[in-house]
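Now for the letters of each chain:
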Amino acid sequence: LGSLDPGIVRRPSEIIDMGFTYAAQYFDYINQCTITYSGIGKVVTMWILALIAGLGIITAFAFIALNAFVTYVEFYVVSVLLLIFIPFAANDKTSRFAENALGFIMGSGVKLMMMGAIISLSVNESTALVAQVKGGSGPTYQEAFVALTLSWTFAWLACEVPAIAGAAMSG
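Caption draft 1: Structural detail: the pattern of salt bridges. Evaluation of the coordinates by the stated rule reveals 2 salt bridges. Put simply, Arg11 and Glu14 hold a salt bridge, and the shortest N to O gap is 2.6 Å. In this structure, Lys111 and Glu74 form a salt bridge, with 3.0 Å as the shortest nitrogen-oxygen distance. Here Glu74 lies in helix H2 (residues 40–82) and Lys111 lies in helix H3 (residues 95–134), a separation of 37 residues in the sequence.

Here it is in structure tokens:
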């Protein structure tokens, strides 16, 4: 799916940095924008749209980073704490505790894997869009809308897909 290293889930600050990198083109447009009397309507509209897109992209990537951090912490805390139940596998009456613990650890691992896939996919798509926008004279209405929509789609996926994967693993 992507070209990121698997450890990106452990570093939410890098995910937020990717959001800033992706949104930088919109803030650069805002800084370089010159208002002329003849084109004031278009310039102000594009300035507001670029501001909304830039802030929305940063917020979406911060949301992705938060979900990645929670998934990462959940996996490691659950893995460490549920190891207490492994000795219960020795007895037929209590083996269910060990089986449930191992199943939950596997489900958390799948959630972590899915989170890494979503982050990698979102960064690859964002990089492609940045290259496309940098080729022109500045972002267009369509490019800003697509960037904002794509960022929030990945933020939604970062929340929903690992939960679905965890539910599928637990039955």
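Caption draft 2: Just the packing of aromatic side chains, in detail. Within this structure, the stated rule accounts for 7 aromatic pairs. When the centroid spacing of 6.0 Å and the interplanar angle of 75° are considered together, the rings of Tyr22 and Phe61 count as edge-to-face. In this pair, Tyr22 sits in helix H1 (residues 12–32) while Phe61 sits in helix H2, placing the two residues 39 residues apart along the sequence. Of the two residues, Tyr22 and Phe61, both sit in the buried class. Relative to Phe97, the ring of Phe85 has its centre 6.4 Å away and its plane inclined at 40°; by these criteria the two rings are tilted. Residue Phe85 is found in the loop between H2 and H3, and its partner Phe97 is found in helix H3; the two are separated by 12 residues along the sequence.

Caption draft 3: Summary view of the nonpolar core. Formed by 34 residues in total, the largest nonpolar core has its most connected members in Val9, Ile15, Tyr22, Tyr26, Ile57, Ile64 and Ile119. Those elements giving two or more residues to this core turn out to be H1, H2, H3 and helix H4 (141–170). Ranked by residues supplied to this core, first place goes to H2 with 11 residues. Excluding anything up to four places from it in sequence, Val9 contacts Ala68, Tyr72, Leu112, Met115, Gly116 and Ile119.

Caption draft 4: Layout of a nonpolar patch on the surface. Side chains of Phe63, Leu66, Phe69, Val70, Val73, Val77, Val80, Leu81, Ile84 and Trp152 sit close together on the surface and give an oily, nonpolar patch of about 900 Å² of accessible area. Tallying contributions element by element places H2 first for the nonpolar patch, with 8 residues. As for its position among the elements, Val77 is in helix H2. Residue classification places Val77 among the partly exposed positions, given a relative accessible area of 42%.

What counts and what doesn't
- Residues numbered from 1 in each chain as written.
- Predicted model: local features only at pLDDT ≥ 70, side-chain atom pairs only at ≥ 80, totals over all residues.
- Heavy atoms only, no water.
- Salt bridge = Lys/Arg side-chain N within 4 Å of Asp/Glu carboxyl O.
- Helix = DSSP H or I, 4+ residues; strand = E, 2+ residues; numbered from the N terminus.
- Phe/Tyr/Trp six-rings, centres within 6.5 Å; stacked < 30°, edge-to-face > 60°.
- Buried < 20%, exposed > 50% of the residue type's maximum accessible area, 1.4 Å probe, protein only.
- Core = buried A, V, L, I, M, F, W, Y, C linked by side-chain atoms within 4.5 Å.
- Contact = heavy atoms within 4.5 Å.
- Patch = residues over 30% accessible without salt bridge, like charges linked within 9 Å, V, L, I, M, F, W, Y side chains within 5 Å.
- Areas by Shrake-Rupley, 256 points an atom, 1.4 Å probe, with all protein chains shown as cover.

Nothing here speaks to function; it is geometry throughout.
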